[in-house]
Amino acid sequence: PPEPSMKIIGDIIEYTAEHMPKFNSISISGYHMQEAGANQALEMAFTLADGKEYVKTALAKGMDVDAFAGRLSFFWAVGMNFYLEIAKMRAARLLWCRIMKGFNPRNPKSLMLRTHSQTSGWSLTEQDPYNNVVRTTIEAMAAVFGGTQSLHTNSFDEAIALPTEFSARIARNTQLIIQEETHITSVVDPWAGSYMMEKLTQDMADAAWAIIEEVDAMGGMTKAVDSGWAKLKIEAAAAEKQARIDSGKDVIVGVNKYRLAKEDPIEILEVDNVKVREAQIARLQNIKQKRDAAQVQQALAAITKIAETGQGNLLAAAVQAIRARATVGEVSDAMEQVFGRHRADTQKVTGVYAAAYDSAEGWDKLKGEIAAFADEQGRRPRVMIAKLGQDGHDRGAKVVATAFADLGFDVDIGSLFQTPEECARQAIENDVHAVGVSTLAAGHKTLVPAIINELKKQGADDIIVFVGGVIPRQDYDYLYEAGVKGIYGPGTPIPASAKDVLEQIKRAVAKV
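For the structure given in this document, a descriptive report is provided here. (Residues numbered from 1 in each chain as written. Predicted model: local features only at pLDDT ≥ 70, side-chain atom pairs only at ≥ 80, totals over all residues. Heavy atoms only, no water.)

Now for the sheet that holds strand β7 (residues 434-439). Strand order across the open sheet formed by 5 strands is β6-β5-β7-β8-β9, with parallel pairing between neighbours. Each edge of the open sheet carries a strand with a single partner, namely β6 (410-413) and β9 (486-488). Looking at each pair of strands side by side, their axes are set apart by 20° on average, direction ignored. Pairing between β7 and strand β8 (residues 464-469): 6 bridges, direction parallel. Its bridge partner being in β8, G436 is matched across the sheet by F466. Sheet contacts for helix α17 (residues 420-429): β5 (382-386), β6 and β7; angle to β5, the most-contacted strand, approximately 160°. Sheet strands in contact with helix α18 (residues 444-457) are β7 and β8, and its direction is about 160° off that of β8. (Pairing = 2+ DSSP bridges. Helix = DSSP H or I, 4+ residues; strand = E, 2+ residues; numbered from the N terminus. Axes fitted to C-alpha atoms, helices over the stretch in contact; angles between N-to-C directions. Contact = heavy atoms within 4.5 Å.)

Okay, structure coming up:
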């Protein structure tokens, strides 16, 4: 949960400042926020507010601000709004300096915002995927113009599967070309003095500062996260953006405009995740057999005691446990005994997608069909949107849930990291017509058949299963043969998938 997490953060900063003074102790990340749907101002405000909370936590441990502030680093997403991304990075330095001056450091390095950036994974398209090389290049240039200290460029095929060596080399060479051939890196801040860029930077700083003040009024970012408020702000921004894309207001080349008549297949990297999992389990079993079990239990008990009492450093204790060959899972479990586990609030935003989606004729017709179903059946079509396995990216799942609810579906949202068994149990308890699995982590060939089998095992094979997300077209037949009723890849307009799901539910109900 957020509050115990701050204990962990403080302990990491303290331990690294003492034992690893050249190590970047904390990467304060906004990347996942923009990937979840936050706009630039939200991403920056929440990330800087996180950083402020981390500094306060370290100071509360009695640390000198100059002992650690210069080693904090940030991590931004860089999307396709070229000018705003540059302005965001310029504004972030200005605001972080303002925030840090409030802690009275003596060393000017404590006022610096140092950042890593990564091009957007969300902006990559499954359709006409070579366009993604251009998208990544533009985003990389924005990161460099914005003054990033390091950079991660995504591969063009990441909206389809895990990167191949071929696509990864292009991503790496995109950086090398900017660095070695263009002379772009010869100038520190080439946009300085541009009226447009200086105005955008100030506007971005003002918008983010207003959000930071709102967070401060709540009692800080820990409270904003714990209450679910921050999450809902991001999800509202995501739903609004998706509606603009689905209605064609925002153009995505090759997706909602200039589409290819025929998509050529591309070579993808296939990973046998069953084989990988079995190999990892075998490694773990081998380690557990060879280690000193008593020493491991003693080290894990020390972690639990620190969590209970608050006395001692959790990272120091975790290092000792890992040296005794405890696993990451065991270290986590040792803390969870005391801290519990954070369960994100599954409430969803409502009305945002519908308000931003302006293709009214098709929308109203579909709403009418859903209302007619409710009249006939005595209840509305009910779907559960699920994330299975260790895939924590839930932007798509939340946007789909919001849009389906706005159309008139009853929508349940599964918690993150569910097992197929947990998902099936929740679907049956909630008496849903359909389960929609959102997948981005290449586990679809294992987890989707598992949820179908689990529903059958629990006597609920009348519940239909549909899938959305990053799924190579080569795998569609496999999933259909496993019993999937609908597959909706990246770029599928949500009203189109909703109409198809409704038709599938009607057919399933008619059979019963």
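With respect to the helices and strands, the residue Q390 is situated in the loop between β5 and α16 (395-407). Sequence separation of Q390 and R244 is 146 residues, and the distance between their C-alpha atoms is 30 Å.

Spanning 18 residues, helix α10 (residues 273-290) covers 26 Å between terminal C-alpha atoms, matching the ideal 26 Å at 1.5 Å per step. A side-chain oxygen of the first residue of α10 lies 3.2 Å from the backbone nitrogen of V274; this N-cap is D272. (Expected span 1.5 Å × (residues − 1). Polar contact = N/O pair within 3.5 Å; in protein donor to acceptor, adjacent residues only side chain to side chain.)

This part is about the packing of aromatic side chains. Enumeration over the complete set of coordinates arrives at 16 aromatic pairs. Between F82 and F145, the aromatic rings sit 6.1 Å apart at their centres with planes inclined by 85°, giving edge-to-face as the arrangement. Here F82 is found in helix α4 (residues 82-101), whereas its partner F145 is found in helix α5 (residues 131-145), with 63 residues between them in sequence. Where Y357 meets W363, the ring centres are 5.2 Å apart and the plane angle is 35°; that geometry is what we call tilted. Cluster of aromatic residues (ring-pair linked, three or more members): F82, Y83, F145 and W191. Directly above the ring of W209 sits R98, whose terminal nitrogen or CZ lies 4.5 Å from the centroid. The cationic tip of K445 hangs over the ring face of Y478; the distance from NZ or CZ to the ring centre is 5.3 Å. (Phe/Tyr/Trp six-rings, centres within 6.5 Å; stacked < 30°, edge-to-face > 60°. Lys NZ or Arg CZ within 6 Å of the ring centre and 35° of its normal.)

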